[in-house]
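Chain and residue survey
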Amino acid sequence: MTVREALNSALDEEMSADPKVFLMGEEVGEYQGAYKISKGLLEKYGPERVLDTPITEAGFAGIGVGAAYYGLKPVVEFMTFNFSMQAIDHIINSAAKSNYMSAGQMSVPIVFRGPNGAAAGVGAQHSQCYASWYASCPGLKVLSPYSSEDARGLLKAAIRDPDPVVFLENELLLFVVQAAEILEKEGIDAEVINLRSIRPLDRSTINASVRKTNRLITVEEGFPQHGVGAEIWFDASVVEESFAYLDAPVERIAGADVPMPYAANLERMAVPQVEDIVRAAKRACYRVELEEYTIVCPLNCFGEELVHLITETLLERLEIW
């Protein structure tokens, strides 16, 4: 089952089980969704429960929140989560804060879902990762499924949840598992944690793994500054609870600190690749290649003997490691 099929079946089953569940968004009905997530749903449930909306994210997100106030369970699809910027006031101020501001009297059972992060050749306005943005807001749950099993189970749970959920569907799934397979062939055993939930964060699992492996590499698609990796390193209590267990510096793999380029070759350089993860793991295990070191010295001031001495010293350090 593909991720697309998993999301479709989850929506279908939840709409069949609960008449309060409905789907709304741009082209979710007649066109069956930009990524065909809602394939067949309009024909099965009709236009009252699968609503094609105008191109106005602020408008239909607000309608969805209002419907949730009155006990319905809307699933609001953004064609890309970059377009949720138009609706961020309703997501944060109208949905996330209502339970707290009503002293628990008003729940907002709504799911905001859609593709998140880098796509392929669609430019910076369509390629940003919003995991850390929404994960910083109390009142929201933020989910990021990896596999089809994740997508199906988490979407069903999100629809049944009484609180607002941001459901981030990745268009280009990262290669952490593939990198682990490459490392295994080179004698490095990597434990891969599929977080699934960005908020809340599974702190105990992260700390347990760090205490087991004595190393930590975080991989994310978003920007490095204020990203999920920084949150894991600092807020997941690794610093407070497991710092003494670390045998190497923490490695953070993230997207480049630039708006996403349009050109395919530059786009590839702007998002994490398998080789980036493999290199980071080798650094954490002190299995670096000599070529990774940069030796800077003015050759016009020092003779060749000193250069050879520096190189030999470096080689000795590598052998010790």
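See the structure printed just above.
On a predicted model such as this, the values are computed, not experimentally measured, just so you know.

1. With respect to the overall build of the protein chain
Scanning the protein chain for helices and strands turns up 14 helices and nine strands. Within the protein chain, the fraction of its 321 residues that count as buried is 44%. Considering only contacts in the protein chain between residues 6 or more positions apart, those separated by 24 or more positions represent 75%. Surface summary for the protein chain: the accessible area is close to 16900 Å², and the carbon and sulfur share equals 56%.

2. Section: the pattern of salt bridges
Enumeration according to the criterion identifies 16 salt bridges in this entry. Note that Glu 13 is salt-bridged to Arg 152, the shortest N-O span being 2.9 Å. Of this pair, Glu 13 sits in helix α1 (residues 3-17) while Arg 152 sits in helix α7 (residues 148-160), and the two are 139 residues apart along the sequence. Classification of Glu 13 by relative accessible area gives partly exposed; the value is 35%. For Arg 152, a relative accessible area of 26% translates into the label partly exposed. Among the ionic pairs, Lys 156 bridges to Glu 13, the shortest N-O distance being 2.8 Å.

3. Quick look at the nonpolar core
Grouped together as the largest cluster of nonpolar side chains are 38 residues, with contacts concentrated most on Phe 78, Phe 112, Tyr 134 and Leu 140. Structurally, this core is a two-domain feature, drawing no fewer than three residues from each of domain 1 (3-169) and domain 2 (173-285). Beyond its immediate chain neighbours, meaning those up to four positions away, Leu 140 contacts Ile 91, Ile 92, Ala 96, Tyr 134, Pro 164, Val 166 and Arg 199.

4. Regarding the side chain of Glu 14
Relative to the helices and strands, Glu 14 is located in helix α1. Only 2.9 Å separates the side chain of Glu 14 from the side chain of Arg 160, close enough to count as a polar contact. Excluding its chain neighbours within four sequence positions, the residues that come into contact with Glu 14 are Val 21, Lys 156, Ile 159 and Arg 160.

5. Re the environment of Leu 42
Note on placement: Leu 42 falls in helix α2 (residues 41-45). Each C-alpha atom, one on Leu 42 and one on Asp 52, is 9.6 Å from the other, the two residues being 10 residues apart in sequence. With near-sequence residues (within four places) excluded, Leu 42 lies in contact with Gly 29, Glu 30, Pro 47 and Val 50.

6. Overview of the sheet that holds strand β3 (residues 73-77)
Spatially, seven strands are ordered β2-β1-β3-β4-β6-β5-β7 in an open sheet, and the strand pairing comes out mixed. Of all strands in the sheet, those bounded by a partner on one side alone are β2 (50-52) and β7 (197-199). Averaged over all neighbouring strand pairs, the angle between strand axes comes to 20°, with direction disregarded. Two strands pair when backbone bridges link them, and strand β4 (residues 111-116) and strand β6 (residues 165-170) are joined in this way by six bridges, in the parallel orientation. Bridge pairing in β6 links Asn 116 to Asn 170. Contacts from α1 reach β1 (21-25), β2, β3, β4 and β6 within the one sheet, and its direction differs from that of β1 by about 135°. Most of the contacts of helix α3 (residues 57-69) go to β3, to which it runs at about 165°, and overall it touches β1, β3 and β4.

Quick notes on the rules
Residues numbered from 1 in each chain as written. Predicted model: local features only at pLDDT ≥ 70, side-chain atom pairs only at ≥ 80, totals over all residues. Heavy atoms only, no water. Helix = DSSP H or I, 4+ residues; strand = E, 2+ residues; numbered from the N terminus. Buried < 20%, exposed > 50% of the residue type's maximum accessible area, 1.4 Å probe, protein only. Contact = heavy atoms within 4.5 Å. Areas by Shrake-Rupley, 256 points an atom, 1.4 Å probe, with all protein chains shown as cover. Salt bridge = Lys/Arg side-chain N within 4 Å of Asp/Glu carboxyl O. Core = buried A, V, L, I, M, F, W, Y, C linked by side-chain atoms within 4.5 Å. Domains from an automatic or database assignment. Polar contact = N/O pair within 3.5 Å; in protein donor to acceptor, adjacent residues only side chain to side chain. Pairing = 2+ DSSP bridges. Axes fitted to C-alpha atoms, helices over the stretch in contact; angles between N-to-C directions.

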